[in-house]
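Spelled out from the first residue to the last, the chains are:
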Amino acid sequence: MNLLYSNDTQGAFPDSWYAATAHPREPHAQLRGDAEADVCVVGGGYTGLSAALHLAERGYKVALVEAHRAGFGASGRNGGQLGSGQRAEQDTLEKLVGDADAMKLWHLAEEAKTLVKDLISKHKIDCALKPGIAHACFSAREMQHEHAYVEHLQTRYNYDQIKPLDANELHTICPSPRYKGGSLDMGAAHLHPLNYALGLAKACEAAGVTFYENTHVHNIVEGDTLTIRCDTGRIRARHLILACNGYLGGLNRRVAGRVMPINNFIAATEPLGDDAAKVLSKDVAVADSKFVVNYFRLSADKRLLFGGGESYGYKFPDIDKTVRKPMAEIFPHLQDVKFTHTWGGTLAITINRLPYLARFGPNILSASGYSGHGVGTATHAGKLMADAVAGQAESFDIMAKIPTSPFPGGPAFRTPLLTLAMTWYAMRDRLGI
Ligand SMILES: Cc1cc2nc3c(=O)[nH]c(=O)nc-3n(C[C@H](O)[C@H](O)[C@H](O)COP(=O)(O)OP(=O)(O)OC[C@H]3O[C@@H](n4cnc5c(N)ncnc54)[C@H](O)[C@@H]3O)c2cc1C
């Protein structure tokens, strides 16, 4: 079984609302025979596209190999939320890496948000970028924690774009009876994820990147010159960038031991018309405080795009059922609403929920494990790898210094152990503890 093919058709985007509203791009040919490049990038999501773009802009000859189409993976399917900070909160980072490095990681995360906004503006990417993510809490205790965290960001990190919301303030934005307060971060943003990925791909084409789509990399022969063996040919390159995230499989065992694929799901309702105001009165995105987070926003035509539910195996479950359950908990009046599109995607997590950036030997770099926070972080990690190939590795090294433990059980047994752990946390969500 391979997550690259378990739930999808070769070379086709899933039947998502994003694919239905995408700005189409012609597919590139498969690799046929032998090719050469300065840098071979494997994977055409935000990580790979950003790495390829920044390398090509620096004058490198870049080959990007993608098993399906650019934007096929999590980058074309996600909730579109461009969040602030790293995935782990700053106070957690302070304990993990110390105050000084936590500050550096905050600045790198701010750089990631700015990078996405700048790329969209520079390359005129039409992807409905809009400001604002609200964080919604289920209890007064969680709200107090959130408010203390907002204050921490304001005072220690000088971040003034976030403000606390009491229950009334949150309800004027999102009237769900389940939420008891939270925060609103206007420095964060949301976007159409697939159009963002396709826009990056177009920018790569303009910068001279050679794409090989529908081309699967099977293995890598290391050396001063690397050989990247694909199903339909070989690429010889001086550098390799692995940008496969949740779809990596066994391509690199060291990464596979530290980065774990999990599946997450989204549904798009039929347009809600005037009822959309019962979901959101403001065009911001929402993420809530559940361990298996619920996240949602409205589309331009007033559909609810609701993400929730996870699975840990190769095959996706019944997505309608998986998403409808948490959605009906937040919006009971939508229990029987019609879904026009449901889809899933595979992302990758690490034990500490921080990305895993690593170097293998002198000429292989990898970045993955963004733990549901990749819109900004993956784009940024791609740029950091491009900088590192060019000899400017300072920021890459700060990220690579974050300690990332292997999952217990290694690639073979991590799934049953993770399923056990996640089931425990999902049960805590249900019990509200
Ligand atoms: C449902 C869902 C909701 C999410 N919501 C959010 C959100 O709101 N905000 C946020 O910040 N993050 C979110 N994420 C996470 C985010 O989408 C990812 O972190 C990010 O897209 C990772 O980008 P990537 O380029 O590393 O990986 P991907 O976009 O998955 O790209 C990896 C690519 O590598 C290719 N590939 C893999 N192996 C091979 C091989 N052997 N040969 C050739 N090609 C290969 C795959 O085909 C794939 O296209 C979500 C993810 C999912 C699934």
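Throughout this description, residue numbers start from 1 for each chain and increase along the sequence as written. The predicted origin of the model limits local features to residues at a pLDDT of at least 70 and limits the giving and counting of side-chain atom pairs to 80 or more, whereas totals for whole chains, interfaces and linings rest on all residues. Heavy atoms throughout the structure, all of them, feed into the side-chain values; hydrogens and water do not.

## A look at the nonpolar core
We apply this condition: Only buried residues count toward a nonpolar core. Its members are Ala, Val, Leu, Ile, Met, Phe, Trp, Tyr and Cys residues joined through side-chain atoms within 4.5 Å. The classification of residues rests on relative accessible area computed with a 1.4 Å probe and restricted to protein chains. Under 20% of the type maximum is buried, over 50% is exposed, and intermediate values are partly exposed. By the convention used here, residues are in contact when the closest approach between their heavy atoms is within 4.5 Å.
Counting 60 residues, the largest nonpolar core has Leu49, Tyr196 and Ile241 as its most contacted members. If we ignore the near neighbours within four places in the chain, the residues touching Ile241 are Val39, Cys40, Val41, Val42, Ala51, Leu55, Leu365, Met385 and Val389. Membership of the second largest hydrophobic core comes to 30 residues, among which are Ala136, Phe265, Ala267 and Val279.

## So, the site of the ligand
The cut-off we apply is this: When at least one non-hydrogen atom of a residue lies within 4 Å of a molecule or strand, that residue is treated as near it. Each polar contact in these results corresponds to two N or O atoms within 3.5 Å; when the atoms are within protein, one needs to be able to donate a hydrogen and the other to accept it, and residues that are neighboring in sequence are counted only if both atoms are side-chain atoms. For every accessible area listed, the method is Shrake-Rupley and the probe measures 1.4 Å; residues are considered covered only by the protein chains on display. A run of H or I in DSSP becomes a helix once it reaches four residues, and a run of E becomes a strand once it reaches two; helices and strands are each numbered from the N terminus. As a working rule, the residues Ala, Val, Leu, Ile, Met, Phe, Trp, Tyr, Cys and Pro are called nonpolar, Asp, Glu, Lys and Arg charged, and the rest polar, with Gly in that last group.
Surrounding the ligand, one finds 38 residues, the nearest of these being Thr47, Glu66, Ser75, Gln81 and Val375. Within the contact set of the ligand, a nitrogen atom lies 2.9 Å away from a backbone nitrogen or oxygen of Gly79. Notes on the ligand: free accessible area 1000 Å², of which the protein chains cover 97%. Contributing elements (two or more residues each) for the shell around the ligand: helix 2 (46-57), strand 15 (339-349) and helix 10 (374-389). Taken together, the residues of the shell around the ligand sort by class into 17 nonpolar, 19 polar and 2 charged.

## Details of helix 3 (residues 90-97)
The following threshold applies: The directions considered for the arc are those from the helix axis to the C-beta atoms.
Taken together, the buried positions of helix 3 are Gln90, Leu93 and Glu94. Each buried residue of helix 3 sits inside an arc of 105 degrees when the element is viewed along its axis, so together they form one side. Residues of helix 3 that are buried make contact with helix 4 (99-122) and helix 5 (140-156). Looking one or two residues beyond helix 3, the residue adopting positive phi is Gly98, at roughly 90 degrees.

## Considerations on the pairing of strand 8 (residues 217-221)
The criterion, for reference: A pair of strands is treated as paired once DSSP finds two or more bridges between them.
For strand 8 and strand 9 (residues 226-230), the ladder comprises 4 bridges, and the chain directions are antiparallel. For Val217, the partnering residue across the bridge sits in strand 9 and is Cys230. Between strand 8 and strand 9, which pair antiparallel one after the other, the connecting turn spans 4 residues, and Gly223 there sits at a positive phi close to 160 degrees.

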